[in-house]
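# Architecture and fold: a report
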Amino acid sequence: MKLAYLITFITTMAAGLVPVGVFNSMVDSLWHFQGNQIVKQNFPFDERIAKTNRLLNTYKKADYNCILLGSSRTIALREEYLEKKGDRCFNYSVRGGRVEEYIVFSRFIKSLGIEPQRVYVAIDGFNFTHKFRSRGRKIQDDMIRTGEMPTIEPVYRAYLSWDVLAFNYQMNVAKREQSRITYDETLQGRIRENLPDYKPKFEEKWKSIKCNTRKSQYYVTVKNI
């Protein structure tokens, strides 16, 4: 009786999890493989994991000697735009990217044996603000607090996740596009089509912002690495 129950339980779990794993793997929002194989368009889910996975999967063959570290303002800057003769660039820009994170990324890049001849570092004003909120990005908070790269979960664990399934369903099936940026089949940022016209709004909140010039030392650390 117990054996029959166990077999039924395992069969039921497999019947539910296998389709989840297959669907998530085909969409591949964390870039364990080659990105979205269904629509060849990828939506930002967790670029810190996705771009790290892509770097790990390509750096030996690509032999990168040019790196871009930046925030969402440089995500759509295509790698070939930066390349001078002989350059092979990798765009490591992530949404909300902080200079403290660039230090962690730099050490990680160096640990892989990559020795770039050219490094571009975006300098955003928010890196010098007196106070900063990370908007609830746990991975970013952990990286800044510990100085270590995020843990890359095994692919079976990542893609048997219901959270990943929910995101992939919303973006690829329900078509709930919220991000202004999408990624192509090589994880290059693209501005989403049919966005409303940008209407700048000038505010005076800058008057209450304090500039912490000591944070320039973080850029010095990146340079030294």
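One can find the structure itself at the top, above this paragraph.
Here we summarise the structure given alongside this text. Numbering of residues begins from 1 in every chain and follows the order in which that chain's sequence is written. The predicted nature of this model means local features are confined to residues of pLDDT at least 70 and side-chain atom pairs, given and counted, to a pLDDT of 80 or more, with totals for whole chains, interfaces and linings taken over all residues. Hydrogens and waters are ignored; side-chain quantities use all the structure's heavy atoms.

## Here we look at the packing of helix α4 (residues 99-111) against helix α8 (residues 216-224)
Running from N to C, α4 and α8 cross one another at 10°; their axes reach a closest spacing of 9 Å. The orientation of α4 with respect to α8, classified from their angle, is roughly parallel. For the pair α4 and α8, the crossing hand works out as left-handed. In contact with V99, E100, Y102, I103, S106 and R107 of α4, α8 contributes Y218, Y219, T221 and V222. The classification used treats Ala, Val, Leu, Ile, Met, Phe, Trp, Tyr, Cys and Pro as nonpolar, Asp, Glu, Lys and Arg as charged, and all other residues, Gly among them, as polar. Across the contact of α4 with α8, the residue classes break down as 6 nonpolar, 2 polar and 2 charged. In this analysis an axis means a line fitted to C-alpha atoms, helices contributing only their contacting stretch, and an angle means the value between N-to-C directions, from 0 to 180 degrees. Secondary structure follows DSSP: runs of H or I at least 4 residues long count as helices, runs of E at least 2 residues long count as strands, and numbering of each begins at the N terminus. Angular relationships are summarised with four words: roughly parallel below 35 degrees, roughly antiparallel beyond 145, roughly perpendicular across 65 to 115, and oblique for the angles in between. A crossing counts as left-handed when the near helix is turned anticlockwise from the far one by less than a right angle, and as right-handed when that turn is clockwise. What makes two residues a contact is simply this: any of their non-hydrogen atoms within 4.5 Å.

## Focus on the state of the cysteines
The disulfide criterion is simple: two cysteine sulfur atoms within 2.5 Å. Tallied over the entire structure, the rule returns 1 disulfide. Here C66 pairs with C89 through a disulfide, and the sulfurs are 2.0 Å apart. Measuring handedness by torsion sign, the sulfur bridge of C66 and C89 sits at about 80° and is right-handed. On the criterion of sequence distance, the pair formed by C66 in strand β1 (residues 66-69) and C89 in strand β2 (residues 89-91) is long-range, its members being 23 residues apart.

## Comments concerning the nonpolar core
The criterion is simple. A nonpolar core is a set of buried Ala, Val, Leu, Ile, Met, Phe, Trp, Tyr and Cys residues joined through side-chain atoms within 4.5 Å. Accessible area is worked out with a 1.4 Å probe on protein chains only. A residue is then buried under 20% of its type maximum, exposed over 50%, and partly exposed in between. L55, L69, Y92, F105 and I109 are the most contacted members of the largest nonpolar core, which totals 21 residues. Elements with a contribution of two residues or more to this core: α2 (47-62), β1, α4 and α8. Residue contributions to this core peak at 7 residues, all from α4. One finds W31, I75, I181 and Y183 within the second-largest nonpolar core, a separate group that totals 6 residues.

## Observations regarding a nonpolar patch on the surface
Like charges are joined within 9 Å and nonpolar side chains (Val, Leu, Ile, Met, Phe, Trp, Tyr) within 5 Å, but only among residues with over 30% relative accessible area and no salt bridge; these make up the patches. Note on areas: Shrake-Rupley, 1.4 Å probe, and residue coverage restricted to the protein chains presented here. Every case where a carboxyl oxygen of Asp or Glu lies within 4 Å of a side-chain nitrogen of Lys or Arg is listed as a salt bridge. On the surface, a nonpolar cluster with roughly 410 Å² of combined accessible area is contributed by V18, V22, M26, I38 and V39. Note on placement: I38 falls in the loop between α1 (2-27) and α2.

## Some details on helix α7 (residues 162-172)
Considered for burial, the residues of α7 that qualify are V164, L165, F167, N168, M171 and N172. Mapping the buried residues of α7 onto a view down its axis gives an arc of 165°, with all of them on the same face. Among the exposed residues of α7, those oriented more than 90 degrees off its buried face are W162 and D163. A distance of 3.2 Å separates the backbone nitrogen of D163 from a side-chain oxygen at the start of α7, and that oxygen is part of S161. In this description, one arc is meant: the one made by directions from the helix axis to the C-beta atoms. Polar contacts, as used here, are pairs of N or O atoms within 3.5 Å; protein pairs need one atom able to donate a hydrogen and one able to accept it. Residues neighboring in sequence count only if both atoms are side-chain atoms.

## Some words on unusual backbone geometry
Here the phi dihedral of D28 falls at roughly 55°; this positive angle occurs in a residue that is not glycine. Structurally, D28 is set in the loop between α1 and α2. Of note, W31 is a non-glycine position whose phi angle comes to about 55°, a positive value. Here W31 shows up in the loop between α1 and α2. When its relative accessible area of 2% is taken as the criterion, W31 is described as buried.

## A look at the sheet that holds β1
What the 3 strands build is an open sheet, ordered β2-β1-β3; its pairing is parallel. Across the chains shown, the open sheet's two edge strands, defined by having one partner strand only, are β2 and β3 (118-121). Strand after strand, the sheet turns through a mean of 15° between neighbouring axes, direction not considered. Here β1 runs beside β2; their pairing, made up of 3 bridges, is parallel. Within β2, the position partnered with I67 by the bridge is F90. For two strands to be treated as a pair, DSSP must find no fewer than two bridges joining them.

## Observations concerning the pattern of salt bridges
Throughout the structure, instances matching the rule amount to 12 salt bridges. Note that D63 and R88 form a salt bridge whose closest N and O atoms lie 3.4 Å from each other. One end of the pair, D63, is in the loop between α2 and β1; the other, R88, is in the loop between α3 (79-82) and β2, and 25 residues separate them in sequence. On the accessibility criterion, D63 (45% relative accessible area) is partly exposed. You can call R88 partly exposed: its relative accessible area is 33%. R73 is paired through a salt bridge with D124; the nearest N and O atoms lie 3.1 Å apart. Taken together, the residues R73 in the loop between β1 and α3 and D124 in the loop between β3 and α5 (138-146) connect sequence positions 51 residues apart. Look at R73 and you get exposed, because its relative accessible area is 60%.

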